[in-house]
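These are the residues of each chain, in order.
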Amino acid sequence: MPSPAQQKLAELIYSAAKKRFLKKAVFSKCADKEILRATATLFEKNGETVIQIEHLKKDGKALHKTYPLVTLQLLILFPSFRKSI
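A brief look at the structure comes next. Keep in mind that what you see is a predicted model, and the values were worked out from it rather than measured. (Residues numbered from 1 in each chain as written. Predicted model: local features only at pLDDT ≥ 70, side-chain atom pairs only at ≥ 80, totals over all residues. Heavy atoms only, no water.)

## Considering unusual backbone geometry
Positioned with a positive phi, Arg20 is a non-glycine residue whose angle comes to about 65°. Mapped onto the elements, Arg20 comes out in the loop between α1 (4–18) and β1 (24–28). We classify Arg20 as partly exposed; its relative accessible area is 46%. Phi at Asn46 is positive, roughly 55°, even though this residue is not glycine. (Helix = DSSP H or I, 4+ residues; strand = E, 2+ residues; numbered from the N terminus. Buried < 20%, exposed > 50% of the residue type's maximum accessible area, 1.4 Å probe, protein only.)

What follows is the structure, given as structure tokens:
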């Protein structure tokens, strides 16, 4: 279950994305020491608003995952949903 701070951050990101204020968010000093930084980018794909999350790892590899904006909303409303993605 996310902490209240994580929940608030997710809500802020969702709200900014929904209103099209968010283009990109960069997070550094991740709790997972194998990840140097994470970047969230908002864009349209097949007529749907999606958020792409990129994790840049210490070994130089980048992992990308793309989620529909509604998935972020589900994660906020139902934190246990995280286990199913």
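## Quick look at α1
The end-to-end C-alpha distance of α1 is 21 Å, a good match for the 21 Å that 15 residues give at a rise of 1.5 Å each. Within α1 the residues assigned to the buried category are Ala10, Ile13, Tyr14, Ala16 and Ala17. Down the axis of α1, the smallest arc covering the buried residues is 165°, so these residues share one side. Residues of α1 that are exposed and point over 90 degrees away from its buried face: Pro4, Ala5 and Lys18. Two residues or fewer past α1, Arg20 is found with a positive phi of approximately 65°. (Expected span 1.5 Å × (residues − 1). Arc of directions from axis to C-beta.)

## A look at the pattern of salt bridges
By the definition in use, this model includes one salt bridge. We note a salt bridge from Glu44 to Arg20, for which the minimum N-O separation is 3.0 Å. Residue Glu44 is found in strand β2 (residues 35–45), and its partner Arg20 is found in the loop between α1 and β1; the two are separated by 24 residues along the sequence. Residue classification places Glu44 among the partly exposed residues on the basis of a relative accessible area of 44%. (Salt bridge = Lys/Arg side-chain N within 4 Å of Asp/Glu carboxyl O.)

## Observations regarding the nonpolar core
Residues Ile13, Tyr14, Ala16, Ala17, Leu22, Ala25, Ala40, Leu42, Ile51 and Leu69 constitute the largest nonpolar core, which totals 10 residues. Broken down by secondary-structure element, the contributors of at least two residues to this core are α1 and β2. Considering each element in turn, this core owes the most residues, four residues, to α1. Discounting chain neighbours no more than four positions away, the residues touching Leu42 are Ala17, Arg20, Leu22, Lys23, Thr49, Val50 and Ile51. (Core = buried A, V, L, I, M, F, W, Y, C linked by side-chain atoms within 4.5 Å. Contact = heavy atoms within 4.5 Å.)

## What to know about the environment of Asp32
Counting through the fold element by element, Asp32 comes out in the loop between β1 and β2. Look at Asp32 and you get partly exposed, because its relative accessible area is 40%. Remark: the alpha-carbon pair of Asp32 and Lys57, spanning 25 residues in sequence, is separated by 9.7 Å. In terms of polar contacts, Asp32 uses its side chain to reach the backbone amide nitrogen of Glu34, at 2.9 Å. (Polar contact = N/O pair within 3.5 Å; in protein donor to acceptor, adjacent residues only side chain to side chain.)

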